[in-house]
Amino acid sequence: MDEPGAKRDELQIGARLKHARLLEGIRIRELAERVGCAESMISKIENGKVAPSLAMLQRLVEALNRDLSSFFGADINSPGLVQKAGERPISTTDAIRGGEGVSYERLVPFAAGNLLEGNIHRIEPGAEKIDQITHQGETVGYVIDGELELTIENSTYKLAAGDSFFFKNHLTNRYRNTGTVLTRVIWVNTPQVH
């Protein structure tokens, strides 16, 4: 392991590790047990205070059911990225947020320096997502197709294809598909959280 205060991690390993851990739905303690280290070490890595050795990084990635190439994803030095239909990665709702039957089709790759997160939320009929986790930032969405019942704090809105919404991320939110077909919503927020 590098000493604390090492050169700033240009690959954003800590942020990538935290993101992968949250997507897997496990706590720091469980990840530490899986790789055989102290919880404080995982916390230091996630916060960019310590850079893991290659052997530790490999154990971390395997413990999160990933491989090194998928962990690092897109070329962070590329000026842009084009993803053809059917080629974008799809992940399920992370275990930190409640809900089933929701998946995210990633429009913006998880990479160093990206401030923006963009996904197509795919919500099965009757499925819902509950997000009681708040943070700073903003969210904008556009319903591509289907029906959506969106609740922001204590206000509920019925949305259909062509409708859009915006809210500050310090507000709790939840949504559910009240229709009989798949609902797809372009969902863009800052900063990256999924």
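Basis of the calculations
- Residues numbered from 1 in each chain as written.
- Predicted model: local features only at pLDDT ≥ 70, side-chain atom pairs only at ≥ 80, totals over all residues.
- Heavy atoms only, no water.
- Helix = DSSP H or I, 4+ residues; strand = E, 2+ residues; numbered from the N terminus.
- Buried < 20%, exposed > 50% of the residue type's maximum accessible area, 1.4 Å probe, protein only.
- Contact = heavy atoms within 4.5 Å.
- Phe/Tyr/Trp six-rings, centres within 6.5 Å; stacked < 30°, edge-to-face > 60°.
- Axes fitted to C-alpha atoms, helices over the stretch in contact; angles between N-to-C directions.
- Parallel < 35°, antiparallel > 145°, perpendicular 65-115°, else oblique.
- Left-handed = near helix turned anticlockwise from the far one by under 90°.
- Nonpolar A, V, L, I, M, F, W, Y, C, P; charged D, E, K, R; others polar.
- Core = buried A, V, L, I, M, F, W, Y, C linked by side-chain atoms within 4.5 Å.
- Arc of directions from axis to C-beta.
- Pairing = 2+ DSSP bridges.

K.L.:
Talk me through the overall build of the protein; I want residue IDs and the actual numbers.
P.N.:
Along the backbone of the protein there are 5 helices and 9 strands. N-terminal to C-terminal, the α/β element order of the protein is α-α-α-α-α-β-β-β-β-β-β-β-β-β. Relative to its full complement of 194 residues, the protein shows a buried share of 37%. For the protein, restricting intrachain contacts to residue pairs at least 6 apart in sequence, the fraction spanning at least 24 positions comes to 65%.

K.L.:
Lay out the packing of aromatic side chains in plain terms, naming residues and giving numbers.
P.N.:
Summed over all chains, the structure comprises 4 aromatic pairs. Measuring from centroid to centroid gives 6.2 Å for F165 and F167, while their planes differ by 15°, and the two rings are stacked. Chaining the aromatic ring pairs together yields one cluster made of F165, F167, Y175 and W187.

K.L.:
I'd love a proper account of the packing of helix 2 (residues 28-35) against helix 4 (residues 54-63), names of residues and values included.
P.N.:
The interhelical angle for the contact between helix 2 and helix 4, taken along N-to-C directions, is 120°, at an axis separation of 9 Å. With respect to helix 4, the axis of helix 2 lies oblique. Handedness of the helix 2/helix 4 crossing: right-handed. On helix 4, the residues that touch L31, R34 and V35 of helix 2 are M56, R59, L60 and A63. Grouping the constituent residues of the contact of helix 2 with helix 4 by class yields 5 nonpolar, no polar and 2 charged.

K.L.:
Can you explain the nonpolar core? Please cite residues and give values.
P.N.:
Residues I123, L148, L150, F165, Y175, V185 and W187 are the most contacted members of the largest nonpolar core, which totals 14 residues. Looking at this core, the elements that each hand over two or more residues are strand 2 (98-106), strand 3 (117-131), strand 5 (147-152), strand 7 (164-168) and strand 9 (183-190). Among the elements that make up this core, the one with the highest residue count is strand 5 (3 residues). The residues touching Y175, leaving out its near neighbours within four places in the chain, are V102, Y104, H121, I123, A127, E128, K129, L148, E149, L150 and W187. I42, I45, L60 and L64 belong to the second largest nonpolar core, which has 12 residues in total.

K.L.:
Can you explain unusual backbone geometry? Please cite residues and give values.
P.N.:
The phi angle at E153 is positive, at roughly 55°, despite the residue not being glycine. With respect to the element layout, E153 can be found in the loop between strand 5 and strand 6 (155-160).

K.L.:
A description of helix 2 should follow, citing residues and the corresponding values.
P.N.:
Those residues of helix 2 that sit buried are L31, A32 and V35. The arc enclosing the buried residues of helix 2, seen along the axis, measures out at 100°, which places them on a common side. More than 90 degrees from the buried face of helix 2, the exposed residues found are R29 and E33. Residues of helix 2 that are buried sit in contact with helix 1 (13-24), helix 3 (39-46) and helix 4. Phi for G36, located one or two positions after helix 2, is positive at around 75°.

K.L.:
Explain the pairing of strand 4 (residues 138-145) to me, using residue names and the numbers behind them.
P.N.:
Here strand 4 pairs with strand 7 via 5 bridges, running antiparallel. When the bridges of strand 7 are listed, Y142 appears paired with S164. Of the strand pairs in this sheet, strand 4 and strand 9 are connected by 7 bridges, and their pairing is antiparallel. In the sheet register, T139 faces strand 9, and the bridge partner there is N189.

K.L.:
Can you lay out the environment of I28 for me, pointing to particular residues and giving the numbers?
P.N.:
Positionally, I28 belongs in helix 2. Each C-alpha atom, one on I28 and one on E46, is 9.6 Å from the other, the two residues being 18 residues apart in sequence. Each residue touching I28, except ones within four places of it in the same chain, is listed here: R21, E39, I42 and E46.

K.L.:
Could you give an account of the pairing of strand 6, naming the residues involved and the relevant values?
P.N.:
The pairing of strand 5 with strand 6 spans 6 bridges and is classified as antiparallel. Along strand 6, the bridge assignment pairs E149 with K158. With antiparallel pairing between neighbouring strands as the criterion, strand 5 and strand 6 make up a hairpin whose turn holds 2 residues, including E153 at a positive phi of roughly 55°.

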